[in-house]
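Each chain, written out:
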Amino acid sequence: MKKRMKSLICLPMSGLLLLPAVSCSQSGQRDGKTETDPPVTADPEPVPEQDVPAETEAEEIDANLPDKTFGGEQIMFLDWRNPAYDKYYTSREIYAEELDGTLINDAVFTRNAKLEDLLDVKIAETKLEDCASVARNSVKADEAYYNVVMPYMNETIGLATDGLLLDLKTVPWIDLSRGWWDQRANKNLLIADKLFITTGDIAILDNECTLCLYFNKEMLRDRNLENPYELVREHRWTLDKLREMTAGVTNDADGDGQLTKKDVWGLSISHNTPMCMYFGAGERIVDWNEEGTLDFCLGSARSVDVFDKIIEVCCDTSMLSAHTVGDTLYASVLPMFNEGRVMIVTWNLSSLADTRETEFEFGLLPMPLYDEAQEEYNHMISTELVSSVSVPVTCPDIEVTGAVLEAMASLSVSTLTAAYYDNALKTRYIRDEESGDMLDIIFSTRVYDIGYIYNWGSSATLISSLYGAKSTNIASMWAKFEKKARKDLEKAHETFAALE
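The structure displayed is predicted, hence computed values, not measured ones.

Calculation criteria
Residues numbered from 1 in each chain as written. Predicted model: local features only at pLDDT ≥ 70, side-chain atom pairs only at ≥ 80, totals over all residues. Heavy atoms only, no water. Helix = DSSP H or I, 4+ residues; strand = E, 2+ residues; numbered from the N terminus. Buried < 20%, exposed > 50% of the residue type's maximum accessible area, 1.4 Å probe, protein only. Contact = heavy atoms within 4.5 Å. Areas by Shrake-Rupley, 256 points an atom, 1.4 Å probe, with all protein chains shown as cover. Salt bridge = Lys/Arg side-chain N within 4 Å of Asp/Glu carboxyl O. Pairing = 2+ DSSP bridges. Axes fitted to C-alpha atoms, helices over the stretch in contact; angles between N-to-C directions. Phe/Tyr/Trp six-rings, centres within 6.5 Å; stacked < 30°, edge-to-face > 60°. Core = buried A, V, L, I, M, F, W, Y, C linked by side-chain atoms within 4.5 Å. Parallel < 35°, antiparallel > 145°, perpendicular 65-115°, else oblique. Left-handed = near helix turned anticlockwise from the far one by under 90°. Nonpolar A, V, L, I, M, F, W, Y, C, P; charged D, E, K, R; others polar. Expected span 1.5 Å × (residues − 1).

> Describe the overall build of the chain, naming the residues involved and giving the relevant values.
Counting its secondary structure elements, the chain contains 19 helices and 13 strands. Here the chain, with 500 residues, has 59% of them falling under the buried criterion. For the chain, the proportion of contacts with a sequence separation of at least 24, taken over those separated by at least 6, is 78%. As presented, the chain carries roughly 19200 Å² of accessible surface, and 47% of it is formed by carbon and sulfur atoms.

Right, here's the structure in full:
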């Protein structure tokens, strides 16, 4: 039977979304802590209440749900608390105790109230810093306690490898073809035709950890440079164009005869910028080949050409980088950008909270194409800080769990996603309509690479290692990695194929 949901979603809009104030970045470490993480900052100042509609009419959500209720059954979620950056990387997507006047909290509370009424369930949450190990120990002890476990993606994969998670394709009532589930995640996180982790409208950390370019519009106009928005629309926003526009901006502003952090720079290269550019150029660690199986892309003729171009850009002496000034940590570059001394930086979207006090106009841009022949823009996600939706094999009630996840994801479209995307990003944090258009491009072209998440044979660290060495020898370096990486991939495929 099909239960159709149509409701008037009352979504308070009186508070400010507290977006994370740090940059998710991949620095070769695989534990979710990176060298570019800045220190935790104080709570942002409150923003005055804005006039917004008191309630928003939701579209009819045609979710396929059981035509029954569940007698107040508790649905327990296990998700992540990040003690070092609690206000930023701790999950706030699943549970809210009460309305508190902030956008995300109130959207979650409203969604859950509707869900609990619809299915007669009670949403509960356990939030722990050692989320993955707790999930592992619980399943191995055969505890039927957690309905859903949501560690960071790069840690959840280990649970799947050990046979501790259900294939989401087998969970009743979850329809992975629907728009509230991220179709790119569903496609690219498959292995042996099984899907153990995914995301979608049910979450926002995947959005906040999406990387793109921020640019100072005034610095660009003062130098009579081309309009980058037009370049993006005309499909001419390429690595060559980025280098051309930024190299000439750098200058010895303090006149001391050397380029330092006190000077003006066209482009800042953080440790993860080369990897962002690699994905942005349409390359992958692994992807589906013509035979429909996962295969490595590293070492192909195109990947070599792409990486050569990336090294040309990132190791240019006119770029602010570890090779020119010693470090480009977020805490160092943020004040430089906010003071108008760096024109373009690579950050994730959570950094918007740290730029709202700037006195100049800034905008957002997609990562550049390799060349104009490339079909679409692409954007890396720092999956080591993104929680995933997974169901443990010891789930106490698989039917109600599937129904709750499907309902929660579908209801999130007009609550959580609306609060985050339309009312926070597009209304309060970005300053021009064009950046809103750029956000649409960025979110529609995000990259999930299961090879980056698994890091088979250390393949996911190859790009950053070569950049650190200022080396373009990706083919020869890959030759050293390839045998073990392929063996690890083959073993993973066999392991997942054998799981029931």
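Read on, since the account is not over.
> Provide a residue-level description of the pattern of salt bridges, including the pertinent values.
Applying the stated criterion to the full structure yields 25 salt bridges. Of the charged contacts, one joins Arg233 and Asp437 as a salt bridge, the two residues approaching to 3.6 Å between their closest N and O atoms. Here Arg233 is found in helix H8 (residues 228–233), whereas its partner Asp437 is found in helix H16 (residues 433–444), with 204 residues between them in sequence. In this structure Arg233 comes out as partly exposed when scored by relative accessible area, which is 49%. With a relative accessible area of 32%, Asp437 lands in the partly exposed category. Connected through shared salt-bridge partners, Glu226, Glu234, Arg236, Lys241 and Glu244 make up one network.

> A description of helix H13 (residues 330–338) should follow, citing residues and the corresponding values.
Buried within H13 we find Tyr330, Val333, Leu334, Met336 and Phe337. Looking one or two residues past H13, Gly340 carries a phi angle of roughly 80 degrees, positive in sign.

> Provide a residue-level description of the sheet that holds strand E5 (residues 148–150), including the pertinent values.
Reading across the sheet, the 3 strands line up as E4-E3-E5 and stay open at both edges, with parallel pairing between neighbours. Bordering the open sheet on either side are strand E4 (121–128) and E5, each of which pairs with just one other strand. Direction aside, neighbouring strands of the sheet carry axes that sit 20 degrees apart on average. As judged from the 3 bridges shared by strand E3 (residues 73–80) and E5, these two strands associate in the parallel manner. Pairing of Asp79 across the sheet is with Met150, part of E5.

> Kindly report on the pairing of E3, identifying the contributing residues and their values.
Among the 8 residues of E3, 6 are classified as buried, and the element is accordingly described as predominantly covered. Where E3 lies against E4, 8 bridges are found, and the strand directions are parallel. Residue Gln74 lies in a different strand from E4, and its bridge partner there is Lys122.

> Talk me through the packing of aromatic side chains; I want residue IDs and the actual numbers.
Summed over all chains, the structure comprises 16 aromatic pairs. Between Phe296 and Trp478 the ring centres are 5.0 Å apart and the planes differ by 50 degrees, which places this aromatic pair in the tilted class. Highlighted residues: Phe296 in strand E9 (residues 294–296) and Trp478 in helix H19 (residues 474–498), separated in sequence by 182 residues. The residues Phe296 and Trp478 share a single accessibility class, namely buried. Where Tyr454 meets Phe496, the ring centres are 6.1 Å apart and the plane angle is 75 degrees; that geometry is what we call edge-to-face. Of this pair, Tyr454 sits in helix H17 (residues 450–454) while Phe496 sits in helix H19, and the two are 42 residues apart along the sequence. Given a relative accessible area of 15%, Tyr454 falls into the buried group. On the basis of relative accessible area, Phe496 is assigned to the buried category, the value being 0%. A connected cluster of aromatic rings, assembled from ring pairs, spans Tyr214, Tyr330, Phe337, Trp347, Phe360 and Phe362.

> Go over the nonpolar core, please, and point to the residues and values.
In this structure, Phe77, Trp237 and Met277 are the most contacted members of the largest nonpolar core, which totals 128 residues. For this core, the leading source of residues is helix H14 (residues 398–412), giving 8 residues. If you look at the next biggest cluster of nonpolar residues, it comprises 36 residues, including Ala96, Tyr214, Leu334 and Phe337.

> Before we move on, could you go through the packing of helix H3 (residues 131–140) against helix H4 (residues 153–161) and cite the residues and values that matter?
For any two helices packed against each other, one specifies the inter-axial angle together with the distance between the axes. At a minimum axis separation of 9 Å, H3 and H4 run at an interaxial angle of 15 degrees. In terms of orientation, H3 and H4 fall into the roughly parallel class. As H3 runs across H4, the sense of the crossing is right-handed. Contacts between H3 and H4 involve Ala132, Ala135 and Arg136 on the former and, on the latter, Glu155, Gly158 and Leu159. Grouping the amino acids of the contact of H3 with H4 by side-chain chemistry returns 3 nonpolar, 1 polar and 2 charged.

> Mind laying out the sheet that holds strand E11 (residues 362–365), listing which residues take part and the relevant values?
One open sheet holds the 4 strands; their spatial order is E7-E10-E6-E11, and the pairing between them is mixed. Either end of the sheet is taken by a strand with one partner, and the two such strands are strand E7 (265–267) and E11. Direction aside, neighbouring strands of the sheet carry axes that sit 30 degrees apart on average. Alignment of strand E6 (residues 211–216) against E11, held across 4 bridges, turns out to be antiparallel. In the strand pairing of E11, Leu213 is matched with Leu365. Contacts from H16 reach E6 and E11, with the element oriented near 25 degrees to E11.

> Break down the side chain of Arg446 for me, citing the residues and quoting the values.
Along the chain, Arg446 turns up in strand E13 (residues 446–447). Taking the relative accessible area as the measure of exposure, Arg446 reaches 6% and is therefore buried. If sequence neighbours within four positions are ignored, Arg446 has contacts with Asp182, Arg184, Asp206, Asn207, Thr210, His379 and Ile381.

> An account of helix H2 (residues 103–119) is requested, with residue identities and associated values reported.
Helix length check: H2, at 17 residues, gives a terminal C-alpha distance of 24 Å against a target of 24 Å (1.5 Å per residue), a fit within 8%. Counting buried residues in H2 gives 13 out of 17 residues, a clear majority hidden from the surface. Once H2 ends, the next one or two residues include Asp120, with phi positive near 55 degrees.

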